[in-house]
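# Chains, contacts and geometry: an overview
What follows is each chain in one-letter form.
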Amino acid sequence: MIEHDNSDLATRVEALEALLLEKDLIDAKTVDQIIEHYETNVGPLNGAKVVARAWVDPAYKKRLLKNATKAAAELGFGGPQGEHLVAVENTPEVHNVVVCTLCSCYPWPVLGLPPNWYKSPEYRSRVVREPRKVLSEMGLELSEQVEVRVWDSSSEVRYLVLPERPAGTESLGEEELAALVSRDSMIGVAKPGQGSSP
Amino acid sequence: MGGNERFFGPIDREADEPVFHEPWEARTFGLMMAVGGILSANFDGTRDAIERLDEETYLRGYYVRWLHALERQLEVRRFLAEGELDARLRGEASHAPATRKPPRWQKAIKTWLTRKAMAPMPAWLLHLYPRAQGFARKAPSEPAFQPGDGVRVLPRRPPGHTRIPGYLCGRRGKVQRAHGAMVFPDVHAQGRKEDPQHLYTVRFEGEEVWGPGSEPGVVLLVDLFEPYLEAQ
């Protein structure tokens, strides 16, 4: 029933919006505001600020690991898909990586909307089964001594990876540290400084 | 999808990926969230509608799935008549079907709240939001399991909507964390009843799930509701 073609899809969505407006069920300004909010305010820079704060402030890190929803709210972040946030910490012995095999659950308030690869059947099917191979293909080699923990987001709990602070960054301030924290490092498929920048 | 080799393949990462690739994707997202906020969507129902898509439609992409699920939700909840959108697209005149409409005051309040949440939120709202919009509920009973308990996932996925990843059926794990009770998606997807159930993070060793061929030192952590689990 749904067409493939981009222009058909565009026509269909346009007609749906027109119907909803005629029926006075929603208003167009709200739709515009929602899109703008996710294009400008909500993105991985939010999560990067959370991570950088945890790196420089041990008391904040403790609060983050205890209740990430509240810790993110302290920095002004929250909203849909972030009602039950949990931060999981990488250490020299443990590496965490996040997926949603059932759909594409993702912690929007701290990472923004998910990238296509995260929503792809390839990532969703493989990372639970062969995470080391997937991570290595994505440029992250882990020693066999490191335990790989794959978090499959099957409930309303959303996971944020707290990566390890890179060595040699002792002199950097919070803002410079945040610039090192990529989206992919907070999903767990890269190290800070690697992958997409926030 | 988890572990299903039919879907295996290279993972393509796009550099500098935009938030939306096409304007209609942005519009679909905005409509879904507006409908969700103003008409109180049921996201478990949305997920259920997505899972019912035929594979070809499903694999066409994320926002195609969303668009389909949005249409279904609107029809099921009688905000749109069955086939009304298709009729419109064929250019047929609207036959003014009897669809629902929330009271004006309700729409006004919910529009206001939605617009508050779809902007940087003030501290009071950030504090309130997870409690008002979250899924935690008062527990109906004492939890059956405690951290450290051994559990086994049901041997088969129950019919209808469920949040048991198929690859875990019959597998044994250990409760790592108890989250308290949350809205139970299996029941909530059918309509309004929430039927809260205890939720646990369960830890599974790779070998238990994938057998001796598992990669070494792999652990799976999955959130599972109490009815999905048996004591082990």
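No experiment lies behind these values; they were computed from the predicted model shown.

How each quantity is defined
- Residue numbers restart at each chain and count upward from 1, following the sequence in its written direction.
- Think of it this way: whatever chain is written first is A, whatever ligand is written first is 1, and the rest follow in order.
- Restriction of local features to residues with pLDDT of at least 70 applies here, the model being predicted, together with a cutoff of 80 or more for giving and counting side-chain atom pairs; totals for whole chains, interfaces and linings are based on all residues.
- Secondary structure elements are taken from DSSP: a helix is a run of H or I of four residues or more, a strand is a run of E of two residues or more, and numbering for both begins at the N terminus.
- Counting other C-beta atoms within 10 Å of its own, a residue is labelled buried from 20 upward, exposed at 12 or fewer, and partly exposed in the gap between, with every C-beta atom placed from the backbone.
- Throughout, a residue-residue contact means that the two C-beta atoms, derived from backbone geometry, are no farther apart than 7 Å.
- Only C-alpha atoms enter the line fits that serve as axes; for helices the fit covers just the stretch in contact. Angles between N-to-C directions range over 0 to 180 degrees.
- The scheme is simple: roughly parallel for angles under 35 degrees, roughly antiparallel for over 145, roughly perpendicular for 65 to 115, oblique for anything else.
- Two helices cross in a left-handed way if the nearer one is turned anticlockwise from the farther one by less than a right angle. They cross in a right-handed way if the turn is clockwise.
- The nonpolar class holds Ala, Val, Leu, Ile, Met, Phe, Trp, Tyr, Cys and Pro. Asp, Glu, Lys and Arg form the charged class, and all remaining residues, Gly among them, are polar.
- How far each domain reaches was decided by an automatic or database domain assignment.
- Take the number of residues in a helix, subtract one, and multiply by 1.5 Å to get its expected span.
- This arc is built from the directions going out from the helix axis to the C-beta atoms.
- Whether two strands pair depends on DSSP finding at least two bridges between them.
- In this description, a nonpolar core means buried residues of the types Ala, Val, Leu, Ile, Met, Phe, Trp, Tyr and Cys, linked to one another by C-beta atoms lying within 7 Å.

Moving on, we come to the overall build of chain A. Helices and strands together make up the secondary structure of chain A, namely eleven helices and four strands. C-alpha extents for chain A along the principal axes are approximately 60 × 35 × 25 Å.

Counting its secondary structure elements, chain B contains nine helices and six strands. Structurally, chain B occupies a C-alpha span of about 60 × 40 × 40 Å along its principal axes. The buried share among the 232 residues of chain B stands at 38%. The long-range share in chain B, meaning contacts at least 24 apart out of those at least 6 apart in sequence, stands at 59%.

It is worth spelling out the packing of helix H2 (residues 28-40) of chain A against helix H1 (residues 23-38) of chain B at this point. Between H2 of chain A and H1 of chain B, the least distance of the axes is 8 Å, while the angle of their chain directions is 115 degrees. Here H2 of chain A lies roughly perpendicular to H1 of chain B, going by the angle between them. Remark: the crossing between H2 of chain A and H1 of chain B carries right-handed chirality. Residue-level inspection shows Thr 30, Val 31, Ile 34, Ile 35 and Tyr 38 of chain A of H2 of chain A in contact with H1 of chain B, the latter providing Ala 26, Phe 29, Gly 30, Leu 31, Met 33 and Ala 34 of chain B. A per-class count over the contact of H2 of chain A with H1 of chain B returns nine nonpolar, two polar and no charged.

In terms of domains, chain A is made up of domain 1 (6-40) and domain 2 (44-187). Taking the mean C-alpha position of each, domain 1 of chain A and domain 2 of chain A sit 31 Å from one another.

In a regular helix each residue adds 1.5 Å, so 17 residues correspond to 24 Å; helix H1 (residues 6-22) of chain A covers 24 Å between its end C-alpha atoms and thus fits that length. Of the residues making up H1 of chain A, those classed as buried are Leu 9, Arg 12, Val 13, Leu 16 and Leu 20 of chain A. Viewed along the axis of H1 of chain A, the buried residues span an arc of 95 degrees, placing them on a single side of the element. Opposite the buried face of H1 of chain A, by more than 90 degrees, sit the exposed residues Ser 7 and Glu 22 of chain A. Packing partners of the buried residues in H1 of chain A comprise H1, helix H4 (62-76) and helix H5 (84-89) of chain B. Just downstream of H1 of chain A, Asp 24 of chain A is the residue with a positive phi angle, here 60 degrees.

Our next topic: the domain arrangement of chain B. Residue and element names in this part refer to chain B. Domain annotation for chain B reports domain 1 (5-101) and domain 2 (150-231). Counting residues at the interface gives six residues for domain 1 and four residues for domain 2. Taken together, the residues that form the side of domain 1 that touches domain 2 break down as no nonpolar, two polar and four charged.

Residues and elements named next belong to chain A. By secondary structure assignment, the location of Leu 140 is in the loop between helix H9 (131-137) and strand E3 (147-152). In this structure, the C-alpha to C-alpha distance between Leu 140 and Ser 171, residues 31 residues apart in sequence, is 25 Å. Setting aside chain neighbours within four positions, we find Leu 140 in contact with Leu 135, Val 189, Ala 190 and Lys 191.

Let us now look at the interface of chain A and chain B. Contacts between the two partners involve 70 residues from chain A and, on the opposite side, 78 residues from chain B. Mapped onto the side of chain A that touches chain B, the elements with two or more residues apiece are H1, H2, helix H5 (68-74), helix H7 (116-119), helix H8 (121-126), H9 and E3 of chain A. A total of eleven residues in the side of chain A that touches chain B trace back to one element, the largest contributor, which is H1 of chain A. Broken down by class, the residue content of the side of chain A that touches chain B amounts to 31 nonpolar, 20 polar and 19 charged. As judged from the five bridges shared by E3 of chain A and strand E5 (residues 218-225) of chain B, these two strands associate in the parallel manner. Paired with Asp 152 of chain A across the two strands is Val 222 of chain B, which belongs to E5 of chain B.

Counting 111 residues, the largest nonpolar core has Val 51, Val 150 and Leu 160 of chain A together with Val 35 and Leu 224 of chain B as the members making the most contacts within it. If you tally residues by element for this core, the top one is H1 of chain B, at nine residues. Every residue in contact with Val 150 of chain A, bar those within four places of it in the chain, is listed here: Val 97, Val 99, Val 127, Val 128 and Pro 131 of chain A together with Val 218, Leu 220 and Leu 221 of chain B.

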